Amino acid sequence: MSIQVELPTYSHFINGERSPASTGETFDVFNPATGEAVARVSKGTVEDVNRAVDAAHAAFEKEGWRDMPPAERAKVLFQIADAIALHKTELIYLESLTSGGTVRRIAGNDIMMIIDLFQQMAKFVQSYPFSETLPNPLFPGPAHNFVWREPIGVCAAITPWNMPLLIASWKIAPALATGNTVVLKPASHTPVSALRLAEIISAVVPAGVLNVVAGSGAEIGETLVRHPKVDKVAFTGSTEVGRGIMKQAADTIKNITLELGGKSPNILLEDADLEIALPGTLFGVFLHSGQLCESGTRLFVPRSIYDTVLEQLAALTQTLKLGNQLDENIGVGPVISQRQKETVLDYIQSGIDEGARLICGGKEAVVEGLENGYFIEPTIFADVTNDMKIAREEIFGPVLCVIPYDHIDEAIEMANDTIYGLAGGVWTRDVNKAYEVARKIKAGVIWINDWHMLRNDAPFGGYKQSGIGREMGKHSLDAYTQLKHVHTSMVPELERRVAYGLLMTEAKKSE
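Draft legend 1. Main features of the overall build of the protein chain. Across its full length, the protein chain holds 16 helices and 21 strands. A principal-axis box enclosing the C-alpha atoms of the protein chain has dimensions of 90 × 65 × 40 Å. Taking all 511 residues of the protein chain together, 56% fall into the buried category. Considering only contacts within the protein chain whose residues lie at least 6 apart along the sequence, 73% involve residues at least 24 apart. Element-wise, carbon and sulfur atoms account for 52% of the exposed surface of the protein chain, whose accessible area totals about 22500 Å². Where the 46 positive side-chain charges of the protein chain centre and where its 62 negative ones centre are 5 Å apart.

Structure (structure tokens):
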């Protein structure tokens, strides 16, 4: 006799309260380590999107939120940070359970980054130039001129499944910091932690300021992007979907920021300290089973140390612990779904078919007790050429391509021979050499003797087809404001208004 366990149900969050789908329909969310359903979530409709957008629009039109003084807004952001810290244990669990991200990573990095992000935004808004006074012009006459930065309005945030809490926060924090309102559409695989985050934040901000609608990207996402009351779209995801969002947003000329795919080059120089560089390389590509857009998936190695590097990488890879992401001793968890597992395995087969040499991994991993989970062995290919499919396309899985080079200029040329430009890295004992290489790599973030080190006070985003705009840092606030120039003439007499003479032959005195 089987026992039916009632799954916890999560509704949309609209206008400050939980809100079931208009149809009453739900969908299941799964633990990728077991393949078992762990939650049930409201399945969004166009009507649900309209309700959320209307709530966000109404909240924005109320002057109290959008016109809040910077000092008061900073207090709200600090309160949000405190509220997240209070509920961090719950958020870590929900995030790990549904995303496959390890508890080690989420507790040791993600949740701390999120708390710090809201604190940093609180500091930024207190010194942000919401109003700038321009110098008094000599021509065409005395005047007071201001440049005001004002909130854009209703912001649609569409986020991926790999790091749902962190990436949602990258959009929510600067939007709220500048007085906007938000409708968040989390990925269907991982909506639970985002829905809970919205409840936590909404205990601090007015109703309607932050709303979440879960459901399919094809229906919910496209409705948001095309909605006439949505003023901005912030999207993180694949370059392919980003192209579609640009086209859809063009109908209403929406403000957009896009953080898209990557095929990041990782360059070892001959003098690199391999004791640091090789563990760093594995960290760069196998963290979260390679499901990070800035992962260092292409490793360029001088031929003089090529065999040594391959041998040591393979040995280090064997030490990685693969298993249940909720286990604090595990470093590599599952990929997000059966479909993603099959996609990654197809890429691995294409590498074999094109003649790349498999050094380690290359197949589905079977974890004792988790036989229905979505696990893939950390995989390394040698003798990859830069024109192979595995070197050209974003795999989003635990696959490293090792490419030999003879001269650093050759490595840089191959590094830049890609449609992407999100991140890159250099390993060397000579920092000046590293800076020279960093200057030549066409990417938005460059790490020297490190990887994945993002900062809340530094911008993150890509060149080329890796995106438009930047997230994090004070620069992210620019993406959530629009500029208004206000001119006040200080010339009292009509005849002294020189510019008027451009139209009128003779300026008449007022009687």
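Past the structure itself, the notes keep going.
Draft legend 2. Local environment of the side chain of serine 264. Locating serine 264 in the fold gives a position in the loop between β12 (255–259) and β13 (265–268). In this view, serine 264 contacts Cys293, Glu294, Ser295, Gly296, Thr297, Arg298, Ala423, Gly424 and Trp451; residues no more than four positions away in its chain are not counted.

Draft legend 3. Expanded view of the nonpolar core. Core analysis: the biggest nonpolar cluster contains 78 residues, and Ile80, Ile84, Phe118, Ile172, Leu176 and Ile201 have the highest contact counts within it. The biggest single contributor to this core is helix α5 (residues 103–127), with twelve residues. Not counting residues within four places of it along the chain, the set of residues in contact with isoleucine 201 comprises Ile80, Phe118, Ile172, Leu176 and Leu210. Formed by 29 residues, the second largest nonpolar core is a distinct cluster that contains Phe300, Tyr374, Tyr405 and Ala415.

Draft legend 4. Broad picture of a nonpolar patch on the surface. Residues Leu494, Tyr500, Leu503 and Met504 make up a contiguous nonpolar surface patch of roughly 390 Å² in combined accessible area. Tracing the backbone through its elements, the reader meets tyrosine 500 in the segment after β21 (481–489). Tyrosine 500 sits in the partly exposed class, given a relative accessible area of 36%.

Draft legend 5. View of the sheet that holds β13. In spatial order, the strands read β15-β16-β17-β14-β13-β18-β19; together these seven strands make up an open sheet with mixed pairing. Strand pairing shows two members of the sheet lacking a second neighbour, β15 (357–360) and β19 (445–448), which therefore form its edges. Between one strand and the next, the sheet's axes are offset by a mean angle of 25 degrees, whatever the strand orientation. Judged from the three bridges that link them, strand β16 (residues 379–382) and strand β17 (residues 399–405) form a sheet pairing that is parallel. The residue bridging threonine 379 from the neighbouring strand is valine 399, located in β17. Each of β15, β16 and β17 is contacted by helix α12 (residues 338–353), which is oriented at about 20 degrees to β16, the strand it contacts most. Against the sheet, helix α14 (residues 408–416) engages β13, β14 (298–302) and β17, with an angle of about 140 degrees to β17.

Draft legend 6. Representation of helix α9 (residues 239–250) within the structure. Here α9 spans 17 Å end to end across twelve residues, near enough to the 16 Å set by a 1.5 Å rise per residue. Among the residues making up α9, those that are buried are Thr239, Gly242, Ile245, Gln248 and Ala249. Of the surrounding secondary structure, the elements contacted by the buried residues of α9 are β8 (154–158), α8 (217–226), β11 (232–236) and β12.

Draft legend 7. Broad picture of the packing of aromatic side chains. What the rule picks out here adds up to five aromatic pairs. Both rings, one in tryptophan 447 and one in tryptophan 451, keep their centres 5.1 Å apart while their planes meet at 45 degrees; by these two values the pair is tilted. Its relative accessible area of 5% is what places tryptophan 447 among the buried residues. Of note, arginine 66 hangs over the ring of phenylalanine 60, and the distance from its end group to the ring centre comes to 5.3 Å. Lying across the ring of tyrosine 347, lysine 389 places its NZ or CZ 5.2 Å from the centre.

Draft legend 8. Structural context of the pattern of salt bridges. Enumeration over the complete set of coordinates arrives at 21 salt bridges. Lysine 75 is the partner of glutamate 72 in a salt bridge, and the nearest nitrogen-oxygen pair spans 3.5 Å. Placement of the pair is glutamate 72 and lysine 75 together in helix α3 (residues 70–86), with a separation of three residues, close to one helical turn. Put simply, aspartate 383 and arginine 357 hold a salt bridge, and the shortest N to O gap is 2.9 Å. Here aspartate 383, found in the loop between β16 and α13 (389–392), pairs with arginine 357, found in strand β15; they are 26 residues apart in sequence, far enough to count as distant.

Draft legend 9. Here's a closer look at the sheet that holds strand β7 (residues 143–151). Overall, antiparallel pairing links the three strands, which are arranged β6-β7-β21 in an open sheet. Both outer strands of the open sheet, β6 (131–133) and β21, are each paired with one neighbouring strand and no more. Taking each pair of neighbouring strands and ignoring which way they run, the sheet shows an average axis angle of 20 degrees. Across three bridges, β6 lies against β7 in antiparallel orientation. Paired with serine 131 across the two strands is tryptophan 148, which belongs to β7.

Draft legend 10. Region of interest: the packing of helix α10 (residues 274–286) against helix α11 (residues 306–317). Direction vectors running N to C along α10 and α11 enclose 60 degrees, while the axes themselves pass 10 Å from each other. Considered as vectors, α10 and α11 are oriented oblique to each other. Along this stretch, α10 crosses α11, giving a crossing that reads as right-handed. For the pair formed by α10 and α11, the contact residues are Leu274, Leu278, Pro279, Thr281, Leu282 and Phe286 on the first element and Thr308, Val309, Gln312, Leu313, Leu316 and Thr317 on the second. Classifying every residue of the contact of α10 with α11 by side-chain character gives eight nonpolar, four polar and no charged.

Draft legend 11. Representation of the state of the cysteines. One pass over the full model with this rule turns up zero disulfides. Among the cysteines around cysteine 293, which has no disulfide bond, cysteine 401 carries the closest sulfur, lying 17 Å off. Judged by relative accessible area, cysteine 293 falls into the buried class, the value being 9%. Unpaired in terms of disulfides, cysteine 401 finds its nearest cysteine sulfur in cysteine 360, a separation of 12 Å.

Draft legend 12. Up close: unusual backbone geometry. Backbone geometry at histidine 288 places phi at a positive 55 degrees, although glycine is not the residue there. Inspection of the secondary structure puts histidine 288 in the loop between α10 and β14. On the basis of relative accessible area, histidine 288 is assigned to the buried category, the value being 4%. The residue lysine 464 is not glycine, and still its phi comes out positive at about 50 degrees. Residue placement: lysine 464 occurs in the loop between β19 and β20 (467–468).

Parameters and conventions
Residues numbered from 1 in each chain as written. Predicted model: local features only at pLDDT ≥ 70, side-chain atom pairs only at ≥ 80, totals over all residues. Heavy atoms only, no water. Helix = DSSP H or I, 4+ residues; strand = E, 2+ residues; numbered from the N terminus. Buried < 20%, exposed > 50% of the residue type's maximum accessible area, 1.4 Å probe, protein only. Contact = heavy atoms within 4.5 Å. Areas by Shrake-Rupley, 256 points an atom, 1.4 Å probe, with all protein chains shown as cover. Lys, Arg positive; Asp, Glu negative; His and termini not counted. Charge placed at Lys NZ, Arg CZ, Asp CG, Glu CD. Core = buried A, V, L, I, M, F, W, Y, C linked by side-chain atoms within 4.5 Å. Patch = residues over 30% accessible without salt bridge, like charges linked within 9 Å, V, L, I, M, F, W, Y side chains within 5 Å. Salt bridge = Lys/Arg side-chain N within 4 Å of Asp/Glu carboxyl O. Pairing = 2+ DSSP bridges. Axes fitted to C-alpha atoms, helices over the stretch in contact; angles between N-to-C directions. Expected span 1.5 Å × (residues − 1). Phe/Tyr/Trp six-rings, centres within 6.5 Å; stacked < 30°, edge-to-face > 60°. Lys NZ or Arg CZ within 6 Å of the ring centre and 35° of its normal. Parallel < 35°, antiparallel > 145°, perpendicular 65-115°, else oblique. Left-handed = near helix turned anticlockwise from the far one by under 90°. Nonpolar A, V, L, I, M, F, W, Y, C, P; charged D, E, K, R; others polar. Disulfide = S-S within 2.5 Å.

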